[in-house]
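Observations on the model geometry
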Amino acid sequence: MPISNTAVITQSRFSAYRQFFREPLGVLGLVLVLLLGLGAILAPYLTDYAPNAIDIKVRLAPPSSEHWLGADHLGRDTFTRVLYGGRVALKVAAWSISLSLLGGLLLGMIAGYGPRWLDNLLILIFDAVRSFPTIMFALAIITLTGPSLNMVILVIVITSIPVYARIVRAQTMSLRESEFVFAARSIGTGWFRMLYLHILPNVIGPLLILASMDIPVVVTIESGLSFLGLGVRPPTASWGTVLADGYAYVRNTPWLLVAGGVPLILTTLGFTFMGETLRDIFDPTLKRRD
Amino acid sequence: MEPVLSIKDLSVDFSTPTGPIHALRRVNLSVPQKRIVGIVGESGSGKSTVVSAVMRLLANNANVRGGEIYFEGRNIFTMKEKELRAMRGEDIAMVFQDPMTAQTPVLSVGQQMIDIQYRRSLPYKEKRQQAIEMLNRVGIPDADDRVDQYPHQFSGGMRQRISIAMALMMNPKLLIADEPTTALDVTLEAQIIHLFRELRKTFDGSIIVVSHNLGLIAELCDEVVVMYAGEVVERAPVDDIFYRAAHPYTRALLNCDPARLGELTQDLPTIPGEVPDLQKVPAGCIFSSRCAEDFDTCACQRPLMAAVTSAHEARCHLLSND
């Protein structure tokens, strides 16, 4: 995806807000993202059940006023588990995206601004890491260490740092040749000041937009690994484990699959709509012409 | 008085895959205190290389083959990185050719001008006030409000004024203006020239103006250095250059200035021939292959700087043979 470094400057912040709220898809995305976020944060207040409380009397109960999304094979309230699953999903997303952003920015700027040999070395490492498919890499690592959420985050961070770093590196290299960087050198700006004051603000805008569109990918990876039993440890609720628990009873109780699957779909849609709208606003050259 | 800047026998090569280009050869130049020195020459004559060498910000493939640059008596080639950085911006500041790219697009003009003062321990409010005063000084209207605007909210001429304000922010002893009007249209150019002349009254440092625009040089400078293919060919007070040019290249250059054409002509005058290949520098006078007045000595012997008057010298056999 092409990223423009000049895009962020073309409009003032105020008009960007207004433009965002004029896009129905963007607003829909924002609403979905907010709902998910609030659901995850306020989970204990939104439900009377504990996510792991077993109540065998309501085993596989259909949706009702007591159990909004029914209950699973152990009688746990599915709605509660979905809310708490959102916590896991967003926690993984927040940690892994921010860590990979941080790592990607750091390594990318070092590769783009530092000496040539260091750049070559880093690019070699990035390419080596990128050559593993994410899921295979995750399977390999988690088989060695045992399933845990931290491992999931680690795997995602390791595999996404090179993606961000390459983008940052390319941007940094083109900025390095720009006249304002030369001008900054001509007033004696050192490398650290140069990177955080002149390069970073020019790189970070497009990167944040990219990151917001990567969140659903990360959420999906977490759910997928949890579904396979390689993410969170049972009985912890995650959308993946909700799906896995429902999967065995799909003929009798399809709502378990719906309960696990719909939040995933909404998350993907929400963050994608929001990210795309942001990108369109900040990078007018990519705007679809109707 | 001791000159602010003196360049002695500076030679710079650029290494390329096909061999080194001898971009500057034994360049001598000095900038007296409180004077404006113009460096004129066509593209590729080494004007900007001289300027980059003064800042010690030459491109990576440049090698300084010889010579020294003294700034206030200190040799900048022996300075440590820390001293160099302290010198840049504090003692020497630059104004660049293209005002549209010389400022960071994501920070407001005020933020950038406050940042320039990072070596000063002043409270934020005072730094901001300094920035506003400086913007006022270069003629930005409503500087109080506009200080918070971003570079793209200013026009090209305004941005060049801002560049000049930024360069003057630390009150440098030497201001280098590298083609300050080349990217501007004619009316803006006149405004910038006017601004520089206004600034002369209050700014007590020296200025180097690099340009191929003879009009700008004539308007602004006290002294002129004419460069051709990496050598200084003539150096003189501004009036001597324009009325009593001694070097055939300078005369040819003046004749080519469209602004000086007396009558309507179909064909604009040009200097015939091409700039010599600086990978294989000719043995004799660097200009001999294009010179209208060349004779047998020119092609085989390098002329020395010959004095015309005490302040005026040129590198030409016509002068030394007299």
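Residues numbered from 1 in each chain as written. Chains lettered and ligands numbered in written order. Predicted model: local features only at pLDDT ≥ 70, side-chain atom pairs only at ≥ 80, totals over all residues.

1. Quick look at the overall build of chain A
Worth spelling out the cut-off: By definition, any uninterrupted DSSP run of H or I lasting at least four residues is a helix, any uninterrupted run of E lasting at least two residues is a strand, and each is numbered from the N terminus.
On a plain count of helices and strands, chain A comes out with 11 helices and zero strands. Counted from the first residue to the last, chain A has its helices and strands arranged as α-α-α-α-α-α-α-α-α-α-α. With the C-alpha coordinates of chain A rotated into their principal frame, the extents come out at 75 × 50 × 35 Å.

2. Digging into the sheet that holds strand 9 (residues 223-228) of chain B
Residues and elements named next belong to chain B. To keep things clear, this is the line we draw: Pairing between strands requires that DSSP locate at least two bridges from one strand to the other. An axis is simply a line fitted to the C-alpha atoms; with a helix, the fit covers only the stretch in contact. Between two such axes, the angle follows the N-to-C directions and lies from 0 to 180 degrees.
Read across the open sheet, the eight strands follow the order 6-7-8-3-9-10-12-11; overall the sheet is mixed. At either margin of the open sheet sits one strand with a lone partner, and together these are strand 6 (92-95) and strand 11 (305-307). Taking the axes of each pair of neighbouring strands and ignoring which way they run, one obtains an average angle of 20 degrees across the sheet. Examined bridge by bridge, strand 7 (residues 174-178) and strand 8 (residues 206-211) share five bridges and lie parallel to one another. Its bridge partner being in strand 8, Ala177 is matched across the sheet by Val209.

3. Focus: the interface of chain A and chain B
What counts is decided by this rule: It is the C-beta atoms, placed from the backbone, that decide contacts: two residues are in contact if theirs lie within 7 Å. Polar here means any residue outside two lists: the nonpolar Ala, Val, Leu, Ile, Met, Phe, Trp, Tyr, Cys and Pro, and the charged Asp, Glu, Lys and Arg; Gly therefore counts as polar.
Of the residues lining the interface, 16 residues belong to chain A; the matching set on chain B comes to 22 residues. Counting only elements with at least two residues in the side of chain A that touches chain B, the list comes to helix 8 (179-186) and helix 9 (191-227) of chain A. Broken down by element, the residue count for the side of chain A that touches chain B peaks at five residues, all from helix 8 of chain A. Grouping the constituent residues of the side of chain A that touches chain B by class yields seven nonpolar, seven polar and two charged.

4. Observations regarding the confidence of the model for chain A
Here is the rule we go by: The pLDDT score gives, residue by residue, the confidence of the prediction method on a 0 to 100 scale.
This prediction gives chain A a mean pLDDT of 84; 92% of its residues lie at or above 70. In this model residues 1-11 of chain A is a low-confidence stretch, pLDDT under 50, and it forms 27 contacts with partners more than four residues away in sequence or in other chains.

5. Notes on the nonpolar core
The following threshold applies: Note on terminology: a nonpolar core is any set of buried Ala, Val, Leu, Ile, Met, Phe, Trp, Tyr and Cys residues joined through C-beta atoms within 7 Å. Three exposure classes are used. Buried residues have 20 or more other C-beta atoms within 10 Å of their own C-beta, exposed residues have 12 or fewer, and partly exposed residues fall in between, all C-beta atoms being placed from the backbone.
Grouped together as the largest cluster of nonpolar side chains are 150 residues, with contacts concentrated most on Val54, Met113, Ala165, Ile176, Ile208, Val209 and Val226 of chain B. The greatest single-element share of this core, amounting to 15 residues, is contributed by helix 4 (residues 78-113) of chain A. For Val209 of chain B, the contacting residues outside a window of four places in its chain are Ile36, Gly38, Ala177, Pro180, Leu216, Ile217, Leu220 and Cys221 of chain B.

6. A word on the confidence of the model for chain B
All names here are of chain B. Across chain B, the average pLDDT comes to 89, with 98% of residues at 70 or higher. Looking over chain B, one finds the lowest element-wise mean pLDDT in helix 12 (residues 317-320), namely 84, and the highest in strand 9, namely 94. Among the prediction metrics, the complex's ipTM stands at 0.78, with pTM recorded as 0.77.

7. Some words on helix 10 (residues 248-256) of chain B
Among all positions of helix 10 of chain B, only Pro248, Tyr249, Thr250, Ala252 and Leu253 of chain B are buried. If you follow the buried residues of helix 10 of chain B, they end up packed against strand 9, strand 10 (231-237) and helix 9 (238-243) of chain B.

8. Observations concerning the sheet that holds strand 1 (residues 5-16) of chain B
Residue and element names in this part refer to chain B. The strand order 2-1-4-5 describes an open sheet built from four strands, whose pairing is antiparallel. The sheet terminates laterally at strand 2 (19-31) and strand 5 (74-75), the two strands that pair on one side only. As judged from the eight bridges shared by strand 1 and strand 4 (residues 62-71), these two strands associate in the antiparallel manner. Within the sheet, the bridge partner assigned to Leu5 lies in strand 4 and is Phe71. In this fold helix 1 (residues 47-55) packs onto strand 1, strand 2 and strand 4, with an angle of close to 75 degrees to the strand it touches most, strand 2.

9. Digging into the packing of helix 4 of chain A against helix 7 (residues 149-176) of chain A
So the rule is basically this: Crossing handedness: left-handed means the near helix sits turned counterclockwise from the far one by under a right angle, and right-handed means the same turn made clockwise.
Closest axis-to-axis distance for the helix 4 of chain A/helix 7 of chain A pair is 5 Å, and the angle between their directions is 35 degrees. Where helix 4 of chain A crosses over helix 7 of chain A, the handedness of that crossing is right-handed.

10. Some thoughts on the packing of helix 7 of chain A against helix 9 of chain A
All names here are of chain A. Inclusion rule: Any angle between 65 and 115 degrees counts as roughly perpendicular, while under 35 counts as roughly parallel, over 145 as roughly antiparallel, and the rest as oblique.
One can describe the packing of helix 7 onto helix 9 by two numbers: an axis separation of 10 Å at closest approach and a directional angle of 155 degrees. Judged by the angle between their axes, helix 7 and helix 9 are roughly antiparallel. Taken as a pair, helix 7 and helix 9 cross one another with a handedness that is right-handed. Here Val152, Ile156, Ser160, Tyr164, Ile167, Val168, Gln171, Thr172 and Leu175 of helix 7 come into contact with helix 9, specifically with Ile199, Asn202, Val203, Leu207, Asp214, Val218, Ile221, Glu222 and Leu225. When grouped by side-chain class, the residues that make up the contact of helix 7 with helix 9 number 12 nonpolar, four polar and two charged.

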